[in-house]
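# Examining the three-dimensional arrangement
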Amino acid sequence: MSGAGAAAGPAERRLRAYTALPVRVVEEHQDVLPFIYRAIGSKHLPASNISFVHLDSHPDLLIPVNMPADTVFDKEVLFSELSIENWIMPAVYAGHISQVLWLHPPWAQQISEGKHNFLVGKDISTTTIRVTGTDDYFLSDGLYVPADQLENQKPLNLHVILINPMETSNNQEENGEAISAKRLKLNTDDTANTVAASSSVTPGDLDHSSSSVKNKEIQNASALNRAECSSSSSLRNDECPIREVAKNICQVLQKGDAFVLDIDLDFFSVKNPFKEMYTQTEYEILQELYNFKKPHKDATEEGLLDCVENRVHQLEDLEAAFADLCDNDDEETVQKWASYPGMKPLVQLVHSLKSRMESPDYEMVHQAGLTCDYMELPHHVSTEEEIEGLIQSTKVLLKNMPKPTLVTIARSSLDDYCPSEQVDIIQEKVLNLLGFVYGTLDVHLDYSTSSSL
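Residues numbered from 1 in each chain as written. Predicted model: local features only at pLDDT ≥ 70, side-chain atom pairs only at ≥ 80, totals over all residues. Heavy atoms only, no water.

### What about the overall build of the protein chain?
From N to C terminus, the protein chain includes 15 helices and 10 strands. When each of the 453 residues of the protein chain is scored for burial, the buried share is 55%. Within the protein chain, contacts between residues at least 6 apart in sequence are counted, and of these 81% link residues at least 24 apart. Accessible area for the protein chain stands at about 19600 Å²; split by element, carbon and sulfur atoms hold 49% of it. (Helix = DSSP H or I, 4+ residues; strand = E, 2+ residues; numbered from the N terminus. Buried < 20%, exposed > 50% of the residue type's maximum accessible area, 1.4 Å probe, protein only. Contact = heavy atoms within 4.5 Å. Areas by Shrake-Rupley, 256 points an atom, 1.4 Å probe, with all protein chains shown as cover.)

### Topic: unusual backbone geometry
Of note in this structure, Asp 60 is not a glycine but carries a positive phi near 60 degrees. Here Asp 60 is to be found in the loop between β2 (50-55) and α3 (75-81). By relative accessible area, Asp 60 is classed as buried at 5%. Located in the positive-phi region is Ser 412, a residue other than glycine, with phi close to 55 degrees. Summarising the element assignment, Ser 412 is placed in the loop between β9 (406-410) and α15 (423-438).

### Let's talk about the pairing of β9
Here β9 lies mainly inside the structure; five of its five residues are buried. Two strands pair when backbone bridges link them, and strand β1 (residues 21-26) and β9 are joined in this way by four bridges, in the parallel orientation. Following the sheet pairing, Val 25 is matched in β9 by Ile 409. The sheet contact formed by strand β8 (residues 258-264) and β9 spans five bridges and is parallel. Following the sheet pairing, Ile 263 is matched in β9 by Ile 409. (Pairing = 2+ DSSP bridges.)

### Here we look at α15
For α15, which comprises 16 residues, the first-to-last C-alpha distance of 22 Å matches the rise-based estimate of 22 Å (1.5 Å per residue) to within 8%. α15 sits mainly inside the fold: 12 of its 16 residues count as buried. Of all the positions in α15, only Val 423, Ile 426, Gln 427, Val 430, Leu 431, Asn 432, Leu 433, Leu 434, Gly 435, Phe 436, Val 437 and Tyr 438 are classed as buried. The elements touched by buried residues of α15 are β1, β8, α14 (384-399), β9 and β10 (441-445). (Expected span 1.5 Å × (residues − 1).)

### Observations concerning the pattern of salt bridges
A complete count under the given rule lists 15 salt bridges for this structure. As a salt-bridge pair, Asp 136 and Lys 294 come within 3.4 Å of each other at their nearest N and O atoms. With Asp 136 in helix α5 (residues 136-139) and Lys 294 in the loop between α9 (280-289) and α10 (301-327), this residue pair connects regions lying 158 residues apart in the sequence. What makes Lys 294 partly exposed here is its relative accessible area of 47%. A salt bridge links Glu 239 to Arg 243; the nearest nitrogen and oxygen atoms lie 3.3 Å apart. Taken together, the positions of Glu 239 and Arg 243, both in helix α7 (residues 239-253) and four residues apart, correspond to about one turn of that helix. Residue classification places Glu 239 among the buried positions, given a relative accessible area of 5%. (Salt bridge = Lys/Arg side-chain N within 4 Å of Asp/Glu carboxyl O.)

### Re helix α12 (residues 346-356)
Those residues of α12 not exposed but buried are Leu 346, Val 347, Leu 349, Val 350, Ser 352 and Leu 353. Where α12 is buried, its residues contact α9, α10, α11 (331-338) and α13 (362-370).

### Section: the side chain of His 54
Within the element layout of this structure, His 54 appears in strand β2. Looking at His 54, its side chain comes within polar contact range of the main-chain oxygen of Pro 59, at 3.2 Å. (Polar contact = N/O pair within 3.5 Å; in protein donor to acceptor, adjacent residues only side chain to side chain.)

### A short note on the packing of α14 against α15
Between α14 and α15, whose axes approach to 10 Å, the crossing angle comes to 25 degrees. Put simply, α14 runs roughly parallel to α15. Note that α14 runs across α15; the crossing there is right-handed. Taking contact as the criterion, the partners of Ile 387, Glu 388, Ile 391, Thr 394, Lys 395, Leu 398 and Lys 399 in α14 are, on α15, Ile 426, Lys 429, Val 430, Leu 433, Leu 434, Phe 436, Val 437 and Tyr 438. By residue class, the composition of the contact of α14 with α15 is 10 nonpolar, one polar and four charged. (Axes fitted to C-alpha atoms, helices over the stretch in contact; angles between N-to-C directions. Parallel < 35°, antiparallel > 145°, perpendicular 65-115°, else oblique. Left-handed = near helix turned anticlockwise from the far one by under 90°. Nonpolar A, V, L, I, M, F, W, Y, C, P; charged D, E, K, R; others polar.)

### A few points about the pairing of strand β4 (residues 114-123)
Across nine bridges, β4 lies against strand β6 (residues 150-162) in antiparallel orientation. Within β6, the residue paired with Lys 115 across the bridge is His 159. Counted between consecutive antiparallel strands, the loop separating β4 from strand β5 (residues 129-131) contains five residues, among which Thr 127 sits at a positive phi close to 60 degrees.

### A word on the packing of aromatic side chains
On inspection of all chains with the given rule, the structure shows nine aromatic pairs. Arranged with centres 5.2 Å apart and planes meeting at 85 degrees, the rings of Tyr 137 and Phe 138 form a pair that is edge-to-face. Under the relative-accessibility criterion, Tyr 137 is labelled buried at 8%. Over the aromatic face of Tyr 447 sits the side chain of Arg 411, whose NZ or CZ is 4.5 Å from the ring centroid. (Phe/Tyr/Trp six-rings, centres within 6.5 Å; stacked < 30°, edge-to-face > 60°. Lys NZ or Arg CZ within 6 Å of the ring centre and 35° of its normal.)

### With respect to the nonpolar core
Among the nonpolar cores identified, the biggest contains 53 residues, and Ile 36, Leu 45, Leu 61, Met 89 and Val 120 are the most heavily contacted of them. Residue contributions to this core peak at six residues, all from helix α2 (residues 33-41). When neighbours within four sequence positions are excluded, Leu 45 is seen to be in contact with Leu 15, Ile 36, Ala 39, Ile 40, Ile 50, Ala 258, Val 260, Thr 405 and Leu 406. Leu 265, Ile 387, Leu 433 and Leu 441 belong to the second-largest nonpolar core, a separate cluster that totals 47 residues. (Core = buried A, V, L, I, M, F, W, Y, C linked by side-chain atoms within 4.5 Å.)

### Side note on the confidence of the model for the protein chain
In the predicted model, the protein chain carries a mean pLDDT of 86, and 81% of its residues have values of at least 70. Note that residues 2-10 has pLDDT below 50 and, in this model, 17 contacts with residues that lie over four places away or in other chains. (pLDDT = per-residue confidence, 0-100.)

### A few points about the environment of Thr 281
Here Thr 281 lies in helix α9. Exposure remark for Thr 281: the relative accessible area of 41% places this residue in the partly exposed category. In the structure, Thr 281 is positioned 67 residues away from Gln 348 in sequence and 9.4 Å away in space, judged by C-alpha atoms.

This is the structure we're talking about:
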């Protein structure tokens, strides 16, 4: 995919092809990374220049703040350090992923729309992974440093793309076939569940052994989008915007050598679990305590560094305060921390928490506060129609893109980001959708069945 008509290099020619498209389904999102690494190790994916198409209500592009950058070269240690919000960037720093396409629903707006080009590298002063990205998403976590402070720099092309749900009224079918009628039967074998879905569409068998073949398929898909949207009156009106998105994605994918399709089921319906843990007043106090003061719109490098330094000090003070409260939350301790600049609301927060619970979990309170910086976590429990609308949008999108090497899916239900009462329905719809688009799938349910409610 690296260039039109480009000859495949020796490494690309050695890439192997899966017999059936692998689909790995996990519970917590960071648990997909070992399967991506396994595909690299087995030479189904290249070791570098992978594109990552990421459908999610969250970017997951933060970084383990205190993790030494060199941890990425010891994968077992790395996997133990990762969380749901910070598992992609270490793979970028390790040199595997060079392009991330974050496809987000309308209620998720954490990073500004469009193309962001920046560097990911090792901070020479702290030896941790940091970025030159200046979006509030990175600044509010204290992750920005100037390029001259980074070594082992890796360029990242980040594309932030909105996916709107399609209208579903009076249109549950396409070409006489209803996706919901395609029931996939999963075997109970824990090691490899092979799923076959009948379909009138002949799936394109994307050859991963030659970049020129892959490039041709991408160009064909893009050309077909343009032709059909410009000439066919039989297309639904709301399909063409999605086809246009697919065309743009195809152009981006040409720059990579392979791509992984990654889907978090909370893309279709999402909750902010912290809103159910705390009262409205407590949540508003957390927003006040953890509020991120944005830099000036045209801030200089010095201004950005000041912004990050102030933010790091703010977060360090808050972390220390709640760690102290874990040991002793008496009035003296509370008043001590409340005397710090900007910490006065801590008194009301602790009193409220202690009035409702015998022993507040202050570590969890701090984790909740970290999500209350410049924007709330997305919270949108979708209706059946909205879920189906996003399923239809995703179907149109994937039908007009080449076939990925690997599909990874996260349920995100045990931590209540994807509503537990909806997750199994959404998962079934997504697996049906993938079978409709790609034909035979090799589905692995890599999570405890007891987690399925």
